[in-house]
Amino acid sequence: MKKAIIYIPNKNPMQSGLAKNNKWILEFKTEDPTKNPLMGWESSSDTLTELRLEFSTKDLAINYAKKKKIDYELIEPRKRKTVKKSYADNFLK
C-alpha cells in the first residue's frame, strides 16, 4: 500500500512574514530506495515520490488519502511562541 506524509511546510528562511504558508502538502514516501552504484545517489523506480499535492485544508488532504486508500502520517504544525517586546525594554536592564 502507498504511504504518504501530510504536513504544512516551513516558511522560507529568507522570508520574514508568514504569508502563503497555509497550504497542506501530501507527499509520497519511497518504498524501495536503492543506491546508484556509479554516483552513489539514492534512486528509486517509484515515480510517486516526485508527486507533491497541495490542499487548502487538512481535512481535504485526509479525505483524499482515505478515498485513494493511501496510508498517511499527519504532522501537525507547532504553534509559534511570540514574545512581546517593547523598545523601552532595551533601556531597563
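Residues numbered from 1 in each chain as written. Predicted model: local features only at pLDDT ≥ 70, side-chain atom pairs only at ≥ 80, totals over all residues. Heavy atoms only, no water.

Draft legend 1. The environment of T30, seen in detail. Tracing the backbone through its elements, the reader meets T30 in the loop between β2 (24–28) and β3 (34–35). What makes T30 partly exposed here is its relative accessible area of 30%. Along the primary structure T30 and P9 are separated by 21 residues, whereas in three dimensions their C-alpha atoms are 19 Å apart. Apart from the residues within four sequence positions on either side, T30 is in contact with E42, S44, D46 and T49. (Helix = DSSP H or I, 4+ residues; strand = E, 2+ residues; numbered from the N terminus. Buried < 20%, exposed > 50% of the residue type's maximum accessible area, 1.4 Å probe, protein only. Contact = heavy atoms within 4.5 Å.)

Draft legend 2. Molecular detail of the pattern of salt bridges. Across all of its chains, the model carries three salt bridges by this definition. Between E27 and R52 there is a salt bridge; the shortest N-O distance is 3.6 Å. Of this pair, E27 sits in strand β2 while R52 sits in strand β5 (residues 52–55), placing them 25 residues apart in sequence. According to the relative accessible area criterion, R52 is partly exposed, its value standing at 46%. (Salt bridge = Lys/Arg side-chain N within 4 Å of Asp/Glu carboxyl O.)

Draft legend 3. Focus on the packing of aromatic side chains. For the structure shown, the criterion picks out two aromatic pairs. Between F55 and Y64, the aromatic rings sit 5.5 Å apart at their centres with planes inclined by 45 degrees, giving tilted as the arrangement. Under the relative-accessibility criterion, F55 is labelled buried at 14%. Geometrically, the ring pair formed by Y87 and F91 is edge-to-face, given 5.4 Å between the ring centres and 75 degrees between the ring planes. Looking at Y87, the relative accessible area reads 62%, which means it is exposed. (Phe/Tyr/Trp six-rings, centres within 6.5 Å; stacked < 30°, edge-to-face > 60°.)

Nothing here speaks to function; it is geometry throughout.
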